[in-house]
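Analysis of the macromolecular model
Given next are the chains, with one letter for each unit.
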Amino acid sequence: MKRVVISVSDKTGILELGKGLAELGYEIISTGGTFKTLNEAGIPVRYVTEITGFPEILDGRVKTLHPMVHAGILARDTAEHRKQLDENGIGLVDLVVVNLYPFRETIAKPDVTFEDAIENIDIGGPTMVRAAAKNQERVAIVVNPKRYTEILETLRQEGEISYALRKQLAAEAFAHTADYDKAIADYLEKQQAQEAGATSVFPETLRLTAEKAQDLRYGENPQQNAAFYRNSNSEGTLAGGVQLQGKELSYNNWVDMEAAWSLAQEFKEPACVIIKHTNPCGAALGKTPLEAYERALEADPVSAFGGIIAFNRVVDAECAQLIHERFFEVILAPEFSPEAREIFKDKKNLRLIIIGRRGGQHTSEKGWKIRTIQGGFLVQEEDLGTTPSTEWEVVTEQKPTAEDLRELEFAWQVVKHVKSNAIVLTKNGQTLGVGAGQMNRVGSVKISMEQAGDKAKGAYLASDAFFPFPDSLEEAAKAGVRAVVQPGGSIRDEEVLEVANRLNLIMVFTHRRHFQH
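Thresholds, definitions, all that
- Residues numbered from 1 in each chain as written.
- Predicted model: local features only at pLDDT ≥ 70, side-chain atom pairs only at ≥ 80, totals over all residues.
- Heavy atoms only, no water.
- Domains from an automatic or database assignment.
- Contact = heavy atoms within 4.5 Å.
- Buried area = accessible area lost by both parts, 1.4 Å probe.
- Salt bridge = Lys/Arg side-chain N within 4 Å of Asp/Glu carboxyl O.
- Polar contact = N/O pair within 3.5 Å; in protein donor to acceptor, adjacent residues only side chain to side chain.
- Helix = DSSP H or I, 4+ residues; strand = E, 2+ residues; numbered from the N terminus.
- Buried < 20%, exposed > 50% of the residue type's maximum accessible area, 1.4 Å probe, protein only.
- 1 Å grid on protein atoms, 1.4 Å probe; cavity = no way out; pocket = protein on both sides within 12 Å on 5 of 7 lines; lining within 4 Å.
- Points joined across faces, edges and corners; volume = space filled by probe spheres on them.
- Nonpolar A, V, L, I, M, F, W, Y, C, P; charged D, E, K, R; others polar.
- Pairing = 2+ DSSP bridges.
- Disulfide = S-S within 2.5 Å.
- Phe/Tyr/Trp six-rings, centres within 6.5 Å; stacked < 30°, edge-to-face > 60°.

1. Re the domain arrangement of the protein chain
When cut into domains, the protein chain gives domain 1 (3-193), domain 2 (234-354) and domain 3 (389-509). Centre-to-centre, using C-alpha coordinates, domain 2 lies 27 Å away from domain 3. Listed by partner, the interface residues are 16 residues for domain 2 and 17 residues for domain 3. Both faces combined, the contact of domain 2 with domain 3 buries some 1300 Å², and carbon together with sulfur accounts for 47% of it. Between Glu266 and Lys416 there is a salt bridge whose closest N-O contact spans 2.8 Å. For the pair domain 2 and domain 3, the number of links is 11 residue pairs in polar contact (both at pLDDT 80 or more).

Structure follows, in structure tokens:
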């Protein structure tokens, strides 16, 4: 008789698997909650203590850690091993189905204690997983409930699990325990660092694990291979988004989508962002998604061609109808109405992506930005949020009104997402000109003014970093700019301030920089 050991924390699909294995003639051995679940469902199952002849002890810490279990898993299909098993009354185990204590879920709870975390470190489970994976020559190990249907179908059709599939399952199993151990090591190191009063938020060892979601057609250029990897905790993020339609996403699509979605999340009011080459060519607020889209498009309709759009509200039919008239690569939104989906159906290549929300309108969960260099990584915290206007310093003789501050706040939120040296010109919650990635700041100012044209009169200017010289302000004043928001902090701040006063500009310091290198 074939034998299977089943011991799972995640009970998803376990009744269907247990019933199917029993029908195929497998003797099922189980523990604790898994035994109870199978037994109450009427599935023939033997409690592990019947096999070991030894009770569960130490509050369940020791259940399967016994030669009667592990010898049956680790034995090779040789005459010598079979002889030793027979001498000791040990039966072979052919299949092991295990998933582990919910350690990640436990430590994610806000009120978790260190003791709770430690008790959710699985020992017997990983030991069985590794034993079965090591003995892949004879034993199959299943750690992913999504595999259950495939395993049952394979056994029904072929009577056994092929060596090729066992090798594949073993690789999954070792990856599973490696990821599990990573979570434990990261948690314990963080606890130790906190107890020692360490000031660094980064671990001494950076362990990266992610699951390949797909190979991409190519990277930034056709000669570069590329792939997209997803973190295990990607729910509610861009990486966890759902594609409703359209062709496969490219490497450049993903980079631009990140830029679009990051900016769209800045705003509480309905907003639309149009991105080209990681920079916003249009961003605007509106009373509805339609109004926000119309105003974002108006900012730079030429550059918007073939761009990526992001909304922070549901895209409805009225908005979809207008978008349908133009060519875009991707549209991101929390949701699309059924009518909107129907309107976009005939655009076979247009990608529609739904992205859920994590933590409400604005996520406060600070993640890491990781960038490779030759031979290593650069790691930094995400640049979430900004200094609210209530904490800004008015430094000029001309003082801003409440309306001025609202306008400057919008400009400041947008400039944060433009590549440095970054200058953004706005009015009425709409971008008029964007100067991005120039080698000097006055160059970015001139580009933004050129885009804005006559609309620059009475507009609001945001700079992601301080002005090293007053020449940028002189260019802004020539165009009729009303007010400027910038971090301040230059050794020439006094000189810049003097020019701002002479030109009757309003200027405020945020005392916070938002470089995007």
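What follows picks up the thread again.
2. Digging into the pattern of salt bridges
Following the criterion strictly, the structure yields 27 salt bridges and no others. A salt bridge links Arg406 to Glu403; the shortest N-O distance between them is 2.6 Å. Of this pair, Arg406 and Glu403 both sit in helix H16 (residues 402-415), separated by three residues, roughly a single helical turn. Exposure remark for Glu403: the relative accessible area of 36% places this residue in the partly exposed category. In the salt-bridge network here, residues are joined through shared partners; they are Arg3, Glu27, Arg46 and Glu50.

3. Comments concerning the layout of surface pockets
Taken as a whole, the second largest pocket holds about 470 Å³ of empty space. Lining the second largest pocket are 24 residues, and of these Gly60, Lys63, Tyr101, Asp122 and Ile123 lie nearest its centre. Elements with a contribution of two residues or more to the lining of the second largest pocket: strand S1 (3-8), helix H2 (32-40), strand S4 (95-99), helix H7 (114-119) and helix H8 (124-134). Taken together, the residues of the lining of the second largest pocket break down into seven nonpolar, 11 polar and six charged.

4. As for the pairing of S1
Along S1, six of the six residues are buried, which leaves the element largely enclosed by surrounding structure. A two-sided burial pattern is seen for S1, the buried positions comprising Arg3, Val5 and Ser7 on one face and Val4, Ile6 and Val8 on the other. Direction of pairing for S1 relative to strand S2 (residues 27-30): parallel, over a ladder of four bridges. Bridging from a neighbouring strand, Val4 pairs with Ile28 of S2.

5. A word on the state of the cysteines
Two cysteines form a disulfide when their sulfur atoms are joined by a covalent bond. According to the stated counting rule, one finds zero disulfides in the structure shown. Of all cysteine sulfurs in the structure, the one in Cys319 sits closest to Cys272, which takes part in no disulfide; the separation is 6.8 Å. Cys272 gets classed as buried once you look at its relative accessible area, which sits at 0%. Left without a disulfide partner, Cys281 is nearest to the cysteine sulfur of Cys272, which lies 9.5 Å away. The exposure class of Cys281 is buried, given its relative accessible area of 10%.

6. Quick word on the packing of aromatic side chains
All told, the structure shown has 10 aromatic pairs when counted by the stated rule. Judged by centre distance (6.4 Å) and plane angle (65 degrees), the ring pair of Phe103 and Tyr180 falls under edge-to-face. Pair noted here: Phe103 is in helix H6 (residues 103-107) and Tyr180 is in helix H10 (residues 163-195), with a separation of 77 residues, a long-range link. For Tyr180, a relative accessible area of 9% translates into the label buried.

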